[in-house]
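Here is what each chain is made of, one letter per residue.
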Amino acid sequence: MATSAWIDGAYDNASTANLVVSNDDATLAGRICGGKESPMPELTYREKIDQNRLDSIRRLLLALPRSCADFIRSLLSTTSTLTRLAYTIDLGTFFDFAMKELACFTSETASQVTDEEIAKLKPRDIEIYADYLTAYYRQNPDDADEQRLLRNHTYGVMRKLSSLRSFFNYLF
């Protein structure tokens, strides 16, 4: 038997209307009005794409320092979900590199990195990162034993460095 969580809704004809969220399928079941369900409108294609991007951003931010989440939230009113997703991926790539290659980070995982550790970065570290971006390996999410070679041309490297520069401008 599935349990439901009740979320208070707006008043409708002097009676309370509620939203029902079903835990078994995690979808919005509908609005209860006089004992009948009226389904929520179907999401448009654009809304579905945006929701998928938001889910990806949230999932990726869990593995990054808290200041990265603060930075991405600061971009809400001025950028699209695609831009925020690209920034999040770029920050993830940087912190993957930094955790493996840079001695200034003493934390065990990127999510534990503090702003003080980030402040210890030197221009040389960023230059090493720019070189790293020309060709690097990333673990295949479908196969833990397989790694993929990724390459960036000049514009790709510049975009990733621009994302990092924007993050540093926000942070410092």
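Look up a bit, the structure's there.
Let me begin by describing the structure that accompanies this report. Predicted, not measured: the structure shown is a model, and the values here were computed from it.

### Considering the overall build of the protein chain
- Per the secondary structure count, the protein chain includes six helices and six strands.
- Its helices and strands in sequence order give the protein chain the pattern β-β-β-β-α-α-α-α-α-β-β-α, from N to C terminus.
- Counting across all 172 residues of the protein chain, residues that qualify as buried make up 32%.
- A separation threshold of at least 6 residues defines the contact pool for the protein chain, and within that pool the share at least 24 residues apart is 44%.
- Total accessible area on the protein chain stands at roughly 11700 Å², and carbon and sulfur atoms take up 52% of it.

### Structural notes on the environment of Phe-95
- The residue Phe-95 is located in helix H3 (residues 81–101) in this model.
- Judged by relative accessible area, which is 1%, Phe-95 ranks as buried.
- Taking the C-alpha atoms as reference points, Phe-95 and Val-113, 18 residues apart in sequence, are found 9.2 Å from one another.
- Beyond its immediate stretch of four places on either side in the chain, Phe-95 contacts Leu-64, Pro-65, Cys-68, Phe-105, Ala-110, Val-113, Ile-118 and Phe-167.

### Structural notes on the environment of Ala-98
- Its location among the elements puts Ala-98 in helix H3.
- Separated by 28 residues in the primary sequence, Ala-98 and Ile-126 have C-alpha atoms spaced 9.6 Å apart.

### Considerations on the side chain of Glu-117
- Its place among the elements puts Glu-117 in helix H4 (residues 115–119).
- Look at Glu-117: it is buried, it has no salt bridge, and the nearest opposite charge is Lys-120 at 6.0 Å.
- Within the structure, Glu-117 has its side chain in polar contact with the side chain of Thr-106 (distance 2.8 Å).

### Comments concerning the packing of aromatic side chains
- According to the stated counting rule, one finds 15 aromatic pairs in the structure shown.
- For the ring pair Phe-95 and Phe-167, a centre distance of 6.4 Å and an interplane angle of 80 degrees mean the geometry is edge-to-face. A residue pair is termed long-range when its members are at least 10 positions apart, and Phe-95 in helix H3 and Phe-167 in helix H6 (residues 154–171) qualify at 72 residues. The residues Phe-95 and Phe-167 share a single accessibility class, namely buried.
- Judged by centre distance (5.2 Å) and plane angle (45 degrees), the ring pair of Phe-97 and Tyr-129 falls under tilted. One end of the pair, Phe-97, is in helix H3; the other, Tyr-129, is in helix H5 (residues 123–133), with 32 residues separating them in the sequence.

### Brief notes about the packing of H5 against H6
- The interhelical angle for the contact between H5 and H6, taken along N-to-C directions, is 145 degrees, at an axis separation of 9 Å. Regarding H5 and H6, the two cross each other, and that crossing is right-handed. Residues Ile-126, Tyr-129, Ala-130 and Leu-133 of H5 pack against Val-157, Lys-160, Leu-161, Leu-164 and Phe-168 of H6.
- Here the residues of the contact of H5 with H6 are counted per class, giving eight nonpolar, no polar and one charged.

Calculation criteria
- Residues numbered from 1 in each chain as written.
- Predicted model: local features only at pLDDT ≥ 70, side-chain atom pairs only at ≥ 80, totals over all residues.
- Heavy atoms only, no water.
- Helix = DSSP H or I, 4+ residues; strand = E, 2+ residues; numbered from the N terminus.
- Buried < 20%, exposed > 50% of the residue type's maximum accessible area, 1.4 Å probe, protein only.
- Contact = heavy atoms within 4.5 Å.
- Areas by Shrake-Rupley, 256 points an atom, 1.4 Å probe, with all protein chains shown as cover.
- Lys, Arg positive; Asp, Glu negative; His and termini not counted.
- Salt bridge = Lys/Arg side-chain N within 4 Å of Asp/Glu carboxyl O.
- Polar contact = N/O pair within 3.5 Å; in protein donor to acceptor, adjacent residues only side chain to side chain.
- Phe/Tyr/Trp six-rings, centres within 6.5 Å; stacked < 30°, edge-to-face > 60°.
- Axes fitted to C-alpha atoms, helices over the stretch in contact; angles between N-to-C directions.
- Left-handed = near helix turned anticlockwise from the far one by under 90°.
- Nonpolar A, V, L, I, M, F, W, Y, C, P; charged D, E, K, R; others polar.

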